[in-house]
Amino acid sequence: MVNQNEVITNEGGSVHTGVQEGESFIEIKNLAKTYKRDEVETVAIEDFSLDIKKGELISVVGPSGCGKTTILRMIAGLLEPTAGTITIAGRPCKEPGPDRGMVFQDFALLPWRSVIKNVELGLEIAGVPKEERRERAEKYLEIVGLEKFKDSRINELSGGMKQRVGIARALVNKPDVILMDEPFGALDAQTRNIMQAGLVKILDKTDQTIVFITHSVDEAVFLSDRIVILTKRPASIREIIEIPWPRPRDRASPEFTALRKRILEELERENVLE
Ligand SMILES: Nc1ncnc2c1ncn2[C@@H]1O[C@H](COP(=O)(O)OP(=O)(O)O)[C@@H](O)[C@H]1O
Ligand SMILES: [Mg+2]
């Protein structure tokens, strides 16, 4: 995946905002969410505040069911907060928009459409002319190494390939932010490592901002500029860890192992293992 680095470099830079790399980009203030179903109230998020910089990959780790997906869906504009605000480049994100691309664990592809038609979907909805959207979709399929499979049906693909379609589908719209919810969680360990290495190449070559939810501490340490460790539900921030090391990172290095161990211990204190 991702050997066309030049192509990606040319695609770098926000098309939706004037915010520069390293500047404050997504501002989440005093976010809270309580679900109400019948008479039952579930407090999922309580007073969550976070400032995400342009070009940053921020991972969110935390116990299962603590509210990670809830946070991501609110950033996506798919779910209304009970309290608090989220802005991207100063704009409130109250509804989904082309500035945010989503990648889901279960791929969420349309099985009756071909690979390339799945990648083109957002452009089609945005009214991009047929020829242009085909050309852009082909370029991103090349970036994720799937150009030979553009006319395949989704059910002919492996899990890793499906997720690469999901990533191409998010990238093709040139979003300011990609929101990824355990994107590699359904993949086998080897495919997962390949996907992570591919993501590192995208990070190297663009100022793409990514919010990445994972239950794998190893993955978070491998990828992130910062890791947000959540408490158990209702989720608030337990700790934020900054990782200044360049990528790609060596999983076998003592500092990598030590940091992974430390975060796992933090999570254990929240009563949950990786
Ligand atoms: N639509 C919903 N209605 C009611 N409760 C929900 C809904 N979605 C999630 N929850 C509850 O909110 C909590 C957080 O869920 P979620 O954000 O999916 O956690 P995570 O992604 O960290 O596993 C859980 O207790 C879950 O059962
Ligand atoms: Mg979840």
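Our structure's up above, just so we're on the same page.
The shown structure was predicted, so the numbers you read here are calculated from the model rather than taken from an experiment.

A. Spotlight on the overall build of the protein chain. Within the protein chain, the regular secondary structure consists of eight helices and ten strands. A globule of 274 residues ought to have a C-alpha radius of gyration of about 19 Å, and the protein chain, at 18 Å, matches this closely. Each principal axis of the C-alpha atoms in the protein chain carries an extent, and together these give about 50 × 45 × 40 Å. Within the span of the protein chain, comprising 274 residues, buried residues form 50% of the whole. Accessible surface, the protein chain as shown: approximately 12800 Å² in total, 48% of it carbon and sulfur. Distance from the positive charge centre (39 side chains) to the negative charge centre (44 side chains) of the protein chain: 2 Å.

B. Summary view of unusual backbone geometry. Pro 234 follows Arg 233 through a cis peptide bond whose omega is -5°. With respect to the helices, strands and loops of the structure, Pro 234 is situated in the loop between β9 (226-230) and β10 (237-242).

C. Representation of the pattern of salt bridges within the structure. Summed over all chains, the structure comprises 19 salt bridges. Residue Arg 192 is joined to Glu 219 by a salt bridge in which the shortest nitrogen-to-oxygen separation is 3.1 Å. Here Arg 192 is found in helix α6 (residues 189-205), whereas its partner Glu 219 is found in helix α7 (residues 217-223), with 27 residues between them in sequence. With relative accessibility at 13%, the residue Arg 192 sits in the buried group. For Glu 219, a relative accessible area of 1% translates into the label buried. For the salt bridge of Arg 238 with Glu 270, the shortest nitrogen-to-oxygen distance reads 2.7 Å. Taken together, the positions of Arg 238 in strand β10 and Glu 270 in the segment after α8 (254-269) put the pair 32 residues apart, joining distant regions of the chain.

D. Here's a closer look at the pairing of strand β3 (residues 57-61). Within β3, five of the five residues are buried, which leaves it mostly tucked inside the rest of the structure. With burial as the criterion, each face of β3 is covered, one bearing Leu 57, Ser 59 and Val 61 and the other bearing Ile 58 and Val 60. Bridging between β3 and strand β8 (residues 209-213) involves four bridges; their strand directions are parallel. Note that in β8 the partner of Ile 58 across the bridge is Val 211. As judged from the four bridges shared by β3 and β9, these two strands associate in the parallel manner. In the strand pairing of β9, Val 61 is matched with Ile 229.

E. Summary view of the site of ligand 1. Residues in close proximity to ligand 1 include Tyr 35, Arg 37, Thr 42, Ala 44, Ser 64, Gly 65, Cys 66, Gly 67, Lys 68, Thr 69, Thr 70 and Arg 233, which together make up its full environment. Here Gly 65 contributes a backbone N or O atom positioned 2.8 Å from an oxygen atom of ligand 1. Gly 67 is positioned with one of its backbone polar atoms (N or O) 3.0 Å from an oxygen atom of ligand 1. Notes on ligand 1: free accessible area 570 Å², of which the protein chains cover 66%. Mapped by element, the contributors of at least two residues to the shell around ligand 1 are β1 (24-37), β2 (40-53) and α2 (68-75). Sort the elements by how many residues they give to the shell around ligand 1 and α2 lands first, with three residues.

F. Region of interest: the nonpolar core. Among the nonpolar cores identified, the biggest contains 50 residues, and Ile 167, Leu 199 and Ile 263 are the most heavily contacted of them. The element contributing the most residues to this core is helix α5 (residues 159-171), with six residues. With residues up to four places along the chain from it excluded, the contact list for Ile 263 reads Val 61, Val 217, Val 221, Ile 227, Ile 229 and Ile 241. Listed in part, the 30 residues of the second largest apolar core include Ile 26, Ala 44, Cys 66 and Met 74.

Rules used in this analysis
Residues numbered from 1 in each chain as written. Chains lettered and ligands numbered in written order. Predicted model: local features only at pLDDT ≥ 70, side-chain atom pairs only at ≥ 80, totals over all residues. Heavy atoms only, no water. Helix = DSSP H or I, 4+ residues; strand = E, 2+ residues; numbered from the N terminus. Rg over C-alpha atoms; globule rule 2.2 N^0.38 Å. Buried < 20%, exposed > 50% of the residue type's maximum accessible area, 1.4 Å probe, protein only. Areas by Shrake-Rupley, 256 points an atom, 1.4 Å probe, with all protein chains shown as cover. Lys, Arg positive; Asp, Glu negative; His and termini not counted. Charge placed at Lys NZ, Arg CZ, Asp CG, Glu CD. Salt bridge = Lys/Arg side-chain N within 4 Å of Asp/Glu carboxyl O. Pairing = 2+ DSSP bridges. Near = heavy atom within 4 Å. Polar contact = N/O pair within 3.5 Å; in protein donor to acceptor, adjacent residues only side chain to side chain. Core = buried A, V, L, I, M, F, W, Y, C linked by side-chain atoms within 4.5 Å. Contact = heavy atoms within 4.5 Å.

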